[in-house]
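Structural overview
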Amino acid sequence: PKHAFLAKGALYEFVGYTAAGPHRVLPETSALYGPLCNQTAGRCAFASSVVLGSDLACSGGEECRRETLGLVKVAGRAGETGFYEYRPQACVHLYFGASGALIRKPDAWSSPIRASPDLPAAGISCCGGCTDKPTRLFRKKGWTCEDAKTKWIDKKTKKSRLYTSCAKAWAGAKTNCAYTCASIGLGYAGLNCSVRYQEKAFCQDDVLVRRSSAEDYCKKDGLEVCDEKTSHVGQCSSVWTTETADEKLTVHDDGKVSGITDYPHANRFTAYWNGSAAPKGDYAVKLEFRPVLQRVPNSPELVLAKLKIGAYTPSGTCTH
């Protein structure tokens, strides 16, 4: 779950006084700082491991946007430093999903990767608004689109060439002066140019979030999750897109199945078929949830025989 790294029972292991790789410097304002620093006589007394004894609140900003945590640096007031790594509890997820989302890596943008949108698997890249790219001719003359509003004035219409060209010659190239064309009432159909093009990314210390969190983060600034490779994605190891890809199921010749994997034969597992196994091949997956038990069981043995699931220990008492 989100903010599991701040929940009661979260485990942090001491890595050492130095560490390589991406890390987050933990500010003293974070509720996590106290348990990890364990200040004694004015200095941090780093323990080999720390288990949170209660739920902690996020300290705002970047920490509240995080959904998981990796390596953190704790700096004491006397100059001592220590590194801790968050060790998330083992968690079981469904092997197949109704559909997979696609993430992209900056250094391999043309090769998208399937990922579950419900897992913190990528960073955030946002964009929105209309671009205002000058045409090749304008660039050659050193004009911006705004400059072009007063250039090449037609003697009859008393308007610049920009006015006559926005909705005609450039109709098939909607990036040419799109924002300026909209500002003079000649915007391209299907484009909302109420704001000028913006883009931003959020990937500090390799922050990973769920896709819904990426969408919420972008929406706060009137932007959307970006499917284009922006100039900011180089900050990230990977970013979410709005693209999706249907899950596939591979049936092997022995009736076992596997999903999308680099080694499908080695990763196949037994499936319980309703009748005989499907012929060998690839199939689209439709996910359907059904109750395993029709009523609350009165036998622990029945539960153990029917259910296999991993989950975090509830922070409160069980209701049944």
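If you're wondering where the values come from, they're calculated on a predicted model, not measured in any experiment.

Turning next to the sheet that holds strand E6 (residues 71-75). Strands sit in the order E2-E6-E7-E1-E5 across an open sheet of five strands; the sheet is mixed. Both edges of this open sheet fall to strand E2 (24-25) and strand E5 (49-51), since each of them pairs with a single strand only. Here two bridges tie E2 to E6, and the two strands are oriented parallel to one another. Its bridge partner lying in E6, Val25 is registered against Lys73.

Another aspect to go through is the side chain of Arg104. Considering the arrangement of structural elements, one finds Arg104 in strand E8 (residues 100-105). Polar side-chain contacts of Arg104 include one of 2.9 Å to the side chain of Glu243. Aside from chain neighbours lying at most four places away, what touches Arg104 is Trp109, Ser110, Ser111, Pro112, Ser238, Val239, Thr241 and Glu243.

Moving on to the pattern of salt bridges. For side chains bearing opposite charge, pairing can occur when the charged atoms are close. For the coordinates displayed, the defined rule picks out 11 salt bridges. The salt bridge involving Glu13 is made with Arg87; its shortest N-O contact spans 3.1 Å. Taken as a pair, Glu13 in strand E1 (residues 11-16) and Arg87 in strand E7 (residues 81-87) lie far apart in primary sequence, 74 residues in all. Between Arg196 and Asp132 there is a salt bridge, and its shortest N-O distance comes to 3.4 Å.

Before going further, it helps to spend a moment on unusual backbone geometry. With a phi angle near 50°, Asn38 is a residue other than glycine that sits in the positive phi range. With respect to the helices, strands and loops of the structure, Asn38 is situated in the loop between helix H1 (33-37) and strand E3 (39-40). The exposure class assigned to Asn38 is partly exposed, which follows from its relative accessible area of 39%. Within the chain, Trp152 stands out as a residue other than glycine whose phi angle is a positive 50°. With respect to the secondary-structure elements, Trp152 resides in the loop between helix H4 (145-148) and helix H5 (161-165). You can call Trp152 partly exposed: its relative accessible area is 38%.

Reading the values: rules and limits
Residues numbered from 1 in each chain as written. Predicted model: local features only at pLDDT ≥ 70, side-chain atom pairs only at ≥ 80, totals over all residues. Heavy atoms only, no water. Pairing = 2+ DSSP bridges. Helix = DSSP H or I, 4+ residues; strand = E, 2+ residues; numbered from the N terminus. Polar contact = N/O pair within 3.5 Å; in protein donor to acceptor, adjacent residues only side chain to side chain. Contact = heavy atoms within 4.5 Å. Salt bridge = Lys/Arg side-chain N within 4 Å of Asp/Glu carboxyl O. Buried < 20%, exposed > 50% of the residue type's maximum accessible area, 1.4 Å probe, protein only.

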